[in-house]
Amino acid sequence: MNKVDEIKELLNQIIDPTLGISFKDASSVIDVKINEDQVVDLKIQLKSRKKDENHIKLEIARLIKIKLGYPGLRIEFSDSKFNLENEKKVMYIGVISGKGGVGKSSVAANLAVAFKRLGKIVGIIDADVYGSSLPSIFGLPIEPLSTTEDDLLIPADYDGLEVMSPEFFMPKNQPLMWRGPMLGKLITHFFNDVAWNPDIEIIVLDLPPGTGDIQLDIQSFVPDASMILVTTPHPNASHVALKAGLGAKEIGHEVIGVVENMSYYYNEASAKNEFIFGEGGGKQVAELLNAPLLAQIPINQPKNPETYIYTLEDMNGKLYYALARKILELIQ
Ligand SMILES: Nc1ncnc2c1ncn2[C@@H]1O[C@H](COP(=O)(O)OP(=O)(O)OP(=O)(O)O)[C@@H](O)[C@H]1O
Ligand SMILES: [Mg+2]
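A. Structural detail: the overall build of the protein. Counting its regular elements, the protein contains nine helices and 15 strands. The 332 residues of the protein split such that 37% are buried. By sequence separation, contacts in the protein at least 24 residues apart represent 72% of the contacts at least 6 residues apart.

B. Broad picture of the sheet that holds strand 6 (residues 91-97). Reading across from one edge, 8-9-7-10-6-11-12-15 is the order of the eight strands in this open sheet, with mixed pairing throughout. Single-partner strands in this sheet number two, and they are strand 8 (156-158) and strand 15 (293-297). Across the sheet, the mean angle from the axis of one strand to that of its neighbour is 25 degrees, orientation sign disregarded. Looking at chain direction, strand 8 and strand 9 (residues 161-164) are connected through three bridges and run antiparallel. In the strand pairing of strand 9, Asp157 is matched with Glu162. Running at roughly 170 degrees to strand 10 (residues 202-206), helix 3 (residues 104-117) makes contact with strand 6, strand 7 (122-126), strand 9, strand 10, strand 11 (226-231) and strand 12 (254-261) of the sheet. Together, strand 6, strand 11 and strand 12 form the strand contacts of helix 7 (residues 238-250), whose direction differs from that of strand 11 by roughly 170 degrees.

C. Region of interest: the sheet that holds strand 5 (residues 72-79). Strand order in the open sheet made by the three strands is 3-4-5, with mixed pairing throughout. Whereas interior strands pair on both sides, the edge strands pair on one side only; in this sheet they are strand 3 (29-34) and strand 5. Strand after strand, the sheet turns through a mean of 10 degrees between neighbouring axes, direction not considered. Taken together, the eight bridges between strand 4 (residues 39-46) and strand 5 define a ladder with parallel strand orientation. Across the sheet, Leu42 pairs through a bridge with Ile75, a residue of strand 5. In this fold helix 1 (residues 3-12) packs onto strand 3 and strand 4, with an angle of close to 145 degrees to the strand it touches most, strand 3. Lying on the sheet, helix 2 (residues 49-67) is in contact with strand 4 and strand 5; it crosses strand 5 at an angle near 150 degrees.

D. Representation of helix 7 in the model. With 13 residues, helix 7 should reach 18 Å at 1.5 Å per residue; the first-to-last C-alpha distance of 18 Å fits that figure. Within helix 7 the residues assigned to the buried category are Ser238, Ala241, Leu242, Ala244, Gly245 and Ala248. Buried residues along helix 7 cover an arc of 160 degrees about the axis, so they all sit on one side. Looking at the packing, one finds that the buried side of helix 7 touches strand 6, strand 11, strand 12 and helix 8 (281-289). Gly252 sits one or two positions beyond helix 7 and adopts a positive phi of about 90 degrees.

E. Representation of the environment of Met315 in the model. For Met315, the location among the structural elements is in helix 9 (residues 315-331). By C-beta crowding, Met315 is classed as exposed, having 12 other C-beta atoms within 10 Å. Between the alpha carbons of Met315 and Asn300 there is a distance of 8.3 Å; along the sequence they are 15 residues apart. With near-sequence residues (within four places) excluded, Met315 lies in contact with Pro298 and Asn300.

Basis of the calculations
Residues numbered from 1 in each chain as written. Chains lettered and ligands numbered in written order. Predicted model: local features only at pLDDT ≥ 70, side-chain atom pairs only at ≥ 80, totals over all residues. Helix = DSSP H or I, 4+ residues; strand = E, 2+ residues; numbered from the N terminus. Buried ≥ 20, exposed ≤ 12 C-beta atoms within 10 Å, placed from the backbone. Contact = placed C-beta atoms within 7 Å. Pairing = 2+ DSSP bridges. Axes fitted to C-alpha atoms, helices over the stretch in contact; angles between N-to-C directions. Expected span 1.5 Å × (residues − 1). Arc of directions from axis to C-beta.

Written out as structure tokens, the structure reads:
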């Protein structure tokens, strides 16, 4: 862990006395810098500065100067707008990959369904503007979405799971070169103008492969998304996947784990797993990113041929259920 992250992590554990929740949950740590002369420069938000500033200043000084041994400390306090009643925190889980076709959308969709099966209120955003595919994965008709009276978009519904995709807005035969810029703007609406279930707990994001503008946009809408990196088992694919993981980290997103997809094929005739696409890629990326390998999903067709969603009777459905549970443990 680098020094700034080390400081952030310690600060995040401090409790805002007025809110009664941690700096992490209240997003109170705005900025951490270490100057050349080893002076630590902090920007911190507090709910009641008048009441708590002195006390918190002391607590932070103890941490930075005594515990960590930095010679100097400057803290700029500002008012926290955090409001316990209205602020229900939505967990954003982004699914990324180094290259296309590794099963990112399948993973995103099946993961969202698994969260739903675990009793969560879930939405999913198709943010892969050039290759959006969620409607067909869920078997949803491609037709314009309705809007509320105050012009908010009403997401499509898959069994209670809310789905938002550019496909619902685009004439099907529009050339790709026109779609790009239009769709980039559309993403903004997905974050600002959608009538999500007000109690929504998790929003899964199917992100485009690689690192690009959309990733940066997403960073500005959801600064604290947890990322899941999807890769295939081939060791040669892992350096591309790694790049995407490092890119996500660079813009401040935490890569909480790796999912290896198309890991093997279970051959019923021989009752053996066959490693068609090689072996070890997932493990390799996980080690390099210092994140856990959360699941290895085999090659398998869903039982229901109308969608690409696995049921709980499918082996893959069970694996996604276990994966969703692991992710909740990691982020809650
Ligand atoms: N575990 C699996 N078993 C069988 N088929 C799979 C599996 N994972 C993905 N597929 C299939 O592979 C194809 C690519 O998957 P998907 O569209 O999810 O990948 P992607 O990474 O989102 O691709 P793109 O970059 O084009 O968006 C799809 O046809 C999908 O149904
Ligand atoms: Mg996709």
